Amino acid sequence: MYEQLALYIDGEFIHAGRQQQDVVNPATGEVIGHLPHASRDDLDRALDAAQRAFAQWRRTSPLERSRILRRVGELARERAHDIGRHITLDQGKPLREAVAEVQMCAEHAEWHAEEARRIYGRVVPARDPAVRQMVVREPVGVCAAFTPWNFPFNQAIRKACAAIGAGCTLILKGPEDSPSAVVALARLFHDAGLPPGVLNIVWGVPHEVSSYLIESPIVRKISFTGSVPVGKQLAAMAGAHMKRVSMELGGHSPVLVFDDADIETAAVQLAKFKIRNAGQVCISPTRFYVQEGVYDRFAERFVTAMKKITVGNGLDDASQMGPLAHERRVDAMESFIADARERGGEVLLGGERLDLAGGKGNFYAPTVVANLPAEARLMTEEPFGPIAPLSRFGEVDDVIARANSLPFGLASYVFTTSLRTAHKVSSELEAGMVGINHFGIGLSELPFGGVKDSGIGSEGGQETFDGYLVTKMVTQV
Ligand code: NAD
């Protein structure tokens, strides 16, 4: 059993009568579903529905928006197992990770339900006592969002809750490779009583759909999660039409392990965190800088922990890491490792495709590489897979400079028991998020976002609605 894939336009699920795309299980290579693509007429219908719905939805009381978001959260919890199972089928991650993703998303819905009641304006004291000056925040209008395949439920629900909670309406294109979660999301909102047209789901050829929606005068705001190059293209297009953007883009997260850290704990926790979702996580630790005094001990412990990871079909209880989400990620891993070997890197573990499921699954071994020069592709491009490159450092200023040397600035991690080091490093790292001795990033109550090439804006935390609101000043005598 797999999700019945559909478009969702103006409150109606559309399953058939459209050009279709096969959806493949990355663990087995089997075709598990057929995804209908939106025609031009469908996109126009979605635009029209979102525009009409906005006229009403913007006037809906925050209490009503909050009620619907809360119900979405309840339904997500009730359906977490089924939604999670479908994510494992079309995305590959282990079932417990997929179910946990949905449960965490129930919290996102609840957080937005609470915060939607606190979108405040302000009264500014006037120079003239007869004047009343007010600042109000209003929904920006119809939004278009594009979400990726690595956390297919999480990335979509965060955008949907932020837009809808702010009083906007939304056309969302999810990931065609792993679409079940986004269809399930539409069902949650539908069943929670969201009026037709407030949320619309479309599928198609990504650049065709995105350029059509971004160029439409109906759309006032663009939100994208995905790679830096695509983010820059979409932001440029939005800029040409003077539209607001939120961009959650890739990173290349440095991990700084200092001599005074608890090395045993750091090595084990980092291995677990590294293989989460097979490393296909924008905040995955991807550049490991380890201080000279503990480098050998850390490398040994980390490789031992990575070696213990069981790789297999995500539906199998024993699997701690599933396949990569699609074949092109396996090709990417092979090309990173070929480059690493050419540049004299030492592969301490893995470095190869795994022949599971008769060679039909996209399995790649947990991999550790050492002694790479700074210009190796693994040290400069986001690997987005289960590969960890290790590198030595001596002084704190040197490692901060190396960590900050790339154009990315999403997450970064520090392992130290020194308050002075923790303070210095967290102040000087160019990153949107810093985890010190743990990985508590991505929680509903905290802003999630990057600086530099890693993006614009935050999702979550009290900042979550900022990108979906415009500020209006009213002065009255
Ligand atoms: P990609 O850049 O082609 O696609 C990434 C996502 O963007 C996909 O979901 C895709 O459907 C969408 N997309 C691509 N072109 C688009 C367009 N013109 N308009 C709208 N959406 C578009 O790469 P990929 O092979 O699918 O993924 C690999 C890379 O993507 C990784 O190296 C990683 O950097 C990045 N990525 C980042 C995140 C993240 O959370 N920041 C998530 C997924 C992928």
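Source: prediction; values computed, not measured.

Rules behind the numbers
- Residues numbered from 1 in each chain as written.
- Predicted model: local features only at pLDDT ≥ 70, side-chain atom pairs only at ≥ 80, totals over all residues.
- Heavy atoms only, no water.
- Axes fitted to C-alpha atoms, helices over the stretch in contact; angles between N-to-C directions.
- Helix = DSSP H or I, 4+ residues; strand = E, 2+ residues; numbered from the N terminus.
- Parallel < 35°, antiparallel > 145°, perpendicular 65-115°, else oblique.
- Left-handed = near helix turned anticlockwise from the far one by under 90°.
- Contact = heavy atoms within 4.5 Å.
- Nonpolar A, V, L, I, M, F, W, Y, C, P; charged D, E, K, R; others polar.
- Patch = residues over 30% accessible without salt bridge, like charges linked within 9 Å, V, L, I, M, F, W, Y side chains within 5 Å.
- Areas by Shrake-Rupley, 256 points an atom, 1.4 Å probe, with all protein chains shown as cover.
- Salt bridge = Lys/Arg side-chain N within 4 Å of Asp/Glu carboxyl O.
- Lys, Arg positive; Asp, Glu negative; His and termini not counted.
- Charge placed at Lys NZ, Arg CZ, Asp CG, Glu CD.
- Buried < 20%, exposed > 50% of the residue type's maximum accessible area, 1.4 Å probe, protein only.
- Core = buried A, V, L, I, M, F, W, Y, C linked by side-chain atoms within 4.5 Å.
- Near = heavy atom within 4 Å.
- Polar contact = N/O pair within 3.5 Å; in protein donor to acceptor, adjacent residues only side chain to side chain.
- Domains from an automatic or database assignment.
- Pairing = 2+ DSSP bridges.
- Phe/Tyr/Trp six-rings, centres within 6.5 Å; stacked < 30°, edge-to-face > 60°.

Caption draft 1: Layout of the packing of helix α3 (residues 80-91) against helix α4 (residues 95-115). Where α3 contacts α4, the two axes come as close as 8 Å, and the packing angle between them is 130 degrees. As far as their axial angle goes, α4 and α3 are oblique. As α3 packs across α4, the resulting crossing turns out to be right-handed. Between α3, through Ala 80, His 81, Ile 83, Gly 84, Arg 85, Ile 87 and Thr 88, and α4, the contact on the second element is made entirely by Leu 95, Ala 98, Val 99, Glu 101, Val 102 and Gln 103. Residues that form the contact of α3 with α4 fall into these classes: seven nonpolar, four polar and two charged.

Caption draft 2: Geometry of a negative patch on the surface. Taken together, the side chains of Asp 259, Asp 260, Glu 292 and Glu 395 present a region of like negative charge at the surface. Mapped onto the elements of the fold, Glu 395 is located in the loop between β16 (387-393) and α13 (396-403). Look at Glu 395 and you get exposed, because its relative accessible area is 58%.

Caption draft 3: Up close: the nonpolar core. With 86 residues, the main nonpolar core has Phe 153 and Phe 189 as its most contacted residues. The element contributing the most residues to this core is helix α5 (residues 152-166), with nine residues. In this structure Phe 189 touches Ile 68, Leu 69, Val 72, Ala 160, Cys 161, Ile 164, Leu 194 and Leu 199, once residues within four positions along its chain are discounted. Judged by nonpolar contacts, the second largest core, of 70 residues, contains Val 255, Tyr 295, Val 303 and Ile 337.

Caption draft 4: Broad picture of the site of the ligand. In the vicinity of the ligand, 23 residues are found, and the nearest of them are Trp 149, Ser 210, Ser 227, Arg 328 and Glu 382. Between the ligand and Gln 155, the relevant distance is 3.4 Å, taken from an oxygen atom to a side-chain nitrogen or oxygen of the residue. In this structure, Pro 206 approaches the ligand through a main-chain N or O atom, which is 3.5 Å from a nitrogen atom. If the ligand stood free it would expose 790 Å²; the protein chains cover 86% of that surface. Looking at the shell around the ligand, the elements with two or more residues in it are α7 (206-215), β10 (219-225), α8 (228-240) and α11 (327-342). At three residues, the largest contribution of residues to the shell around the ligand is made by α7. For the shell around the ligand, the residue count by class is nine nonpolar, nine polar and five charged. If you count residues domain by domain, the shell around the ligand takes at least three from each of domain 1 (7-249 + 453-476) and domain 2 (253-443).

Caption draft 5: Examining the sheet that holds strand β20 (residues 469-476) more closely. Reading across from one edge, β5-β6-β20 is the order of the three strands in this open sheet, with antiparallel pairing throughout. Two strands lie at the open edges of the sheet, namely β5 (122-124) and β20, each paired on one side alone. Strand-to-strand twist of the sheet, defined as the mean angle between neighbouring strand axes without regard to direction, takes the value 25 degrees.

Caption draft 6: Just the side chain of Asp 90, in detail. Mapping Asp 90 onto the fold places it in helix α3. Buried within the structure, Asp 90 lacks any salt-bridge partner; Lys 93 is the closest side chain of opposite charge, at an N-O distance of 8.9 Å. Within polar-contact distance, the side chain of Asp 90 engages the side chain of Tyr 2 at 2.5 Å. What Asp 90 contacts, discounting residues up to four positions off in sequence, is Tyr 2, Val 23, Val 24, Pro 26, Ile 32, Asp 177, Ser 178, Pro 179 and Ser 180.

Caption draft 7: Quick look at the packing of aromatic side chains. By the definition in use, this model includes nine aromatic pairs. Ring geometry for Trp 149 versus Phe 384: centroids 5.6 Å apart, planes at 85 degrees, classification edge-to-face. With Trp 149 in the loop between β7 (142-146) and α5 and Phe 384 in the loop between α12 (377-380) and β16, this pair connects stretches of sequence that are 235 residues apart. Both residues of the pair, Trp 149 and Phe 384, count as buried.

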